Amino acid sequence: MENIDNFIADYWNDNLSDADRKIFEQKCAADENFAKLAALHLELKKTAIEEDKAARKVEFQKNQMKRNKDRRGIIILGIILSGIVAWLLYQTFKIPEIPPEPVIYAQQYWKNTDKSNFGIIRGTTKDSLILVIKNNYENENFEGIIETLKNEDLNVSDKADLLLMRGIAYFETKNFEASINDFQTYLDNDFEAVDEALWLQSLAFMRIDKTNQAISNWEIIIKEDYQYQEEATALIDVFK
Amino acid sequence: MSQQKTFRTEADLIQAICAISYDSKLAENALFQRFEYLIKIGQYKHQLSEENAFDAYHDTFMVVLNDIRKQKFRGDSTLKTYFSRIFNNKCIDYFRKSTTNKNRVHTWTDDLEKVANREAGQNIQKYLEQTELLNDLKVELKKLGTTCKQIILDYAFGYSFAEIAVRLTPAMKNAQTVKSKKSQCMKKLLEQIH
């Protein structure tokens, strides 16, 4: 029996010589019991292979799940690390937030402020002083305006427009302190164009970085419902 | 199956597979896992389902393992090349089977084709087609107990008695002990089936 078993197993495992294979097959053809045993052995071989396959498949799936889990872990770790690196890079190289620059705003608003509404510029006159100032203004000769009005007493209501004009001229020649003083004199005397004076003075304050004082002017403009309140509100939003 | 050992080189692996020791079992596991990535390649390159790609891979493993054990693999190419080439052909076979709808009905068809004597083939096939016999076989194998089942299946798989002795857990004393045990188990199995 043992020998028969070995003979059959060797046949299915290709371990027989050609002659022995022939003998095996002749025996299968002639002896049904032998053929049945051969069939049983073949089935045993297939069962062995199927069982091996099933066990390896379980192991493969287990390994695959572990690999997927590892891969997921690596991806998550990668995302976290990338986030940290990005944050560090941002912290290292970020452009510092630039605070609003009052000078730039002052320049822009100064440029956009229509100064042609002032009486001496708009109106017609035969007053030689006013004509000189008007001429200098139109020719943007601000030094000329300052020079002309240097010895003039402008602290009187009929020369209030000239006072305002000199404040503008100081501003244009970048003498902001003097400009502020002229506007302040105008305000102290409570001359007519308070709104103009408050507004132009606020811009002069900004040029010398006295933003808080500019804000005080804007708050008055808004409170008193003066012209330029729209601009004042916008600037308060930026600087307050 | 989960026991693992790392084999640094292909030569170490091949040597361990051929050795009659418990390491040969670990070496087989290592061989199987060594090229598992091919399963994914089989899926994408040959458009196989994961199941078919796995079957093709296992078939390849069986061929390569057998060739190593019988020293048919002589190392003319690397094990990787050898394995990949066989796997590629197996994938093509599985792809053809899936596209022509000629799925394998019986797992023993290939072996029967090797039987040259027509009458012998018919006689064997007659018993293989008796599904009760096959169903009984699995049940009866289970009834025999773990050791008997493993000895019978390992033997049918093609392992020698000496190899089976070291593969068993716990290992058996020697080949002769396995041989006697196998006779008893086989006798018992035949009694149960008939």
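Criteria and thresholds
Numbering of residues begins from 1 in every chain and follows the order in which that chain's sequence is written. The order in which chains are written sets their letters, starting at A; the order in which ligands are written sets their numbers, starting at 1. Local features in this predicted model are restricted to residues whose pLDDT is 70 or higher, and side-chain atom pairs enter the listing and the counts only when it is 80 or higher, whereas totals over whole chains, interfaces and linings include all residues. As a convention, hydrogens and water are excluded, and side-chain values are obtained from all of the structure's heavy atoms. Here a strand is any run of E in DSSP of at least two residues, a helix any run of H or I of at least four, and the numbering for each starts at the N terminus. Each residue's exposure class comes from its accessible area (1.4 Å probe, protein chains only) as a fraction of the maximum for that residue type: buried when under 20%, exposed when over 50%, partly exposed otherwise. A contact between two residues is defined here by any heavy atoms of the two lying within 4.5 Å. All accessible areas in this document rest on Shrake-Rupley with a 1.4 Å probe, and a residue is counted as covered only by the protein chains that are shown. Geometry of aromatic contacts follows a simple scheme: Phe, Tyr and Trp rings, the Trp one being its six-membered ring, pair when their centres are within 6.5 Å, and the pair is stacked under 30 degrees between planes, edge-to-face over 60, tilted otherwise. Two conditions define a charge located above a ring, namely a distance within 6 Å from the ring centre to NZ of Lys or CZ of Arg, and an angle within 35 degrees of the ring normal. Two parts placed together each lose some accessible area; with a 1.4 Å probe, that loss summed over both constitutes the buried area. Salt bridges, as used here, are contacts in which a Lys or Arg side-chain nitrogen is within 4 Å of a carboxyl oxygen on Asp or Glu. Here a polar contact is taken to be a pair of N or O atoms separated by no more than 3.5 Å, where protein atoms must pair a possible hydrogen donor with a possible acceptor and residues adjacent in sequence count only if both atoms sit in side chains. Following the grouping adopted for this structure description, the nonpolar residues are Ala, Val, Leu, Ile, Met, Phe, Trp, Tyr, Cys and Pro, the charged ones are Asp, Glu, Lys and Arg, and the polar ones are all others, Gly among them. Here the expected length of a helix is defined as 1.5 Å per residue gap, with one fewer gap than residues. Working definition: a disulfide is two cysteine sulfur atoms within 2.5 Å of each other. Buried Ala, Val, Leu, Ile, Met, Phe, Trp, Tyr and Cys residues form a nonpolar core when they are joined through side-chain atoms within 4.5 Å. Throughout, an axis means a line fitted to C-alpha atoms (over the contacting stretch in the case of helices), and angles, computed between N-to-C directions, take values from 0 to 180 degrees. Should an angle fall under 35 degrees it is called roughly parallel, over 145 degrees roughly antiparallel, and 65 to 115 degrees roughly perpendicular, with every other angle called oblique.

A few words on the overall build of chain A. Helix and strand counts for chain A stand at twelve helices and zero strands. Sequence-ordered secondary structure for chain A, helices as α and strands as β, is α-α-α-α-α-α-α-α-α-α-α-α. A total of 240 residues make up chain A; the buried ones form 44% of that total. Contacts in chain A between residues at least 24 apart in sequence constitute 51% of all its contacts with a sequence separation of at least 6. Surface summary for chain A: the accessible area is close to 13800 Å², and the carbon and sulfur share equals 52%.

Looking now at the overall build of chain B. From N to C terminus, chain B includes eleven helices and zero strands. In sequence order, the secondary structure elements of chain B are arranged as α-α-α-α-α-α-α-α-α-α-α. When burial is assessed residue by residue, chain B has 43% of its 194 residues classed as buried. Within chain B, residue pairs in contact and separated by at least 24 positions form 55% of the contacts whose partners lie at least 6 positions apart. Accessible surface, chain B as shown: approximately 10500 Å² in total, 49% of it carbon and sulfur.

Okay, the packing of aromatic side chains next. Here the structure, examined in full by the defined rule, presents 24 aromatic pairs over all chains. Geometrically, the ring pair formed by W199(A) and Y228(A) is stacked, given 5.1 Å between the ring centres and 10 degrees between the ring planes. In this pair, W199(A) sits in helix α10 (residues 194-207) while Y228(A) sits in the loop between α11 (211-223) and α12 (229-239), placing the two residues 29 residues apart along the sequence. Since its relative accessible area comes to 0%, W199(A) is described here as buried. Plain terms: the ring middles of F157(B) and Y159(B) are 5.3 Å apart, the flat faces sit at 10 degrees to each other, and that makes the pair stacked. An aromatic cluster is built from F60(A), F32(B), F35(B), F54(B), Y57(B), F61(B), F83(B) and F87(B), whose rings are joined through pairwise contacts. Sitting above the plane of the F34(A) ring, K27(A) keeps its charged end 5.3 Å from the centroid.

A word on the interface of chain B and chain A. Across the boundary between the two partners, chain B contributes 52 residues, which contact 44 residues of chain A. Carbon and sulfur atoms supply 60% of the area that chain B and chain A bury against each other, a total of about 4500 Å² over both sides. For the pair chain B and chain A, the number of links is six salt bridges. Residues D5(A) and K182(B) are paired through a salt bridge, measuring 3.1 Å at the closest nitrogen-oxygen approach. Between chain B and chain A we count 16 residue pairs in polar contact (both at pLDDT 80 or more) in total. Secondary structure elements with two or more residues in the side of chain B that touches chain A: α2 (22-34), α3 (37-45), α4 (50-69), α7 (118-128), α8 (131-144), α9 (146-157) and α11 (175-193) of chain B. Each residue belonging to the side of chain B that touches chain A can be placed in one class, and the counts come to 26 nonpolar, eleven polar and 15 charged.

Under the criterion given, the structure shown has 19 salt bridges over all chains. Between R166(A) and D182(A) there is a salt bridge, with its nearest N and O atoms 2.8 Å apart. One end of the pair, R166(A), is in helix α8 (residues 160-172); the other, D182(A), is in helix α9 (residues 176-188), and 16 residues separate them in sequence. Residue R69(B) pairs with E163(B) through a salt bridge whose shortest N-O separation is 2.7 Å. Separated by 94 residues along the polypeptide, R69(B) in helix α4 and E163(B) in helix α10 (residues 161-167) bring together distant segments of the chain.

Moving on to α4(B). For α4(B), which comprises 20 residues, the first-to-last C-alpha distance of 28 Å matches the rise-based estimate of 28 Å (1.5 Å per residue) to within 8%. Positive phi shows up at Q71(B), right after α4(B), with a value of about 55 degrees.

The next thing to look at is the side chain of K45(A). Looking at the element boundaries, K45(A) is found in helix α3 (residues 32-93). From its side chain, K45(A) meets the backbone oxygen of W12(A) in a polar contact 3.0 Å long. When neighbours within four sequence positions are excluded, K45(A) is seen to be in contact with W12(A), N13(A), D111(B) and A156(B).

What follows is about the state of the cysteines. Residue and element names in this part refer to chain B. Applying the stated rule across the entire model yields one disulfide over all chains. What pairs with C148 in a disulfide is C185, and their sulfur atoms sit 1.9 Å apart. The sign of the S-S torsion, about -80 degrees, decides the handedness of the disulfide formed by C148 and C185: left-handed. Note that C148 is positioned in helix α9 and C185 in helix α11, a separation of 37 residues in sequence. As far as burial versus exposure is concerned, C148 and C185 are alike and both buried.

Counting residues in each nonpolar core, the largest one holds 78 residues, and the members touching the most others are F24(A), L44(A), L31(B), L79(B), I124(B) and L189(B). With eleven residues, the top contributor of residues to this core is α3(A). With sequence-adjacent residues up to four places away left out, L31(B) is seen in contact with L13(B), I17(B), Y57(B), F61(B), V64(B), L65(B), I68(B), L79(B) and F83(B). Residues L163(A), L198(A), M206(A) and A214(A) belong to the second largest nonpolar core, which totals 47 residues.

This part is about the packing of α3(A) against α9(B). At a minimum axis distance of 8 Å, the contact between α3(A) and α9(B) shows a crossing angle of 105 degrees. Between α3(A) and α9(B), the interaxial angle falls into the category roughly perpendicular. Where α3(A) approaches α9(B), its residues L44(A), K45(A), T47(A), A48(A), I49(A), E51(A) and D52(A) are matched on the opposing element by K149(B), I152(B), L153(B), A156(B) and F157(B). Tallied by class, residues from the contact of α3(A) with α9(B) come to seven nonpolar, one polar and four charged.

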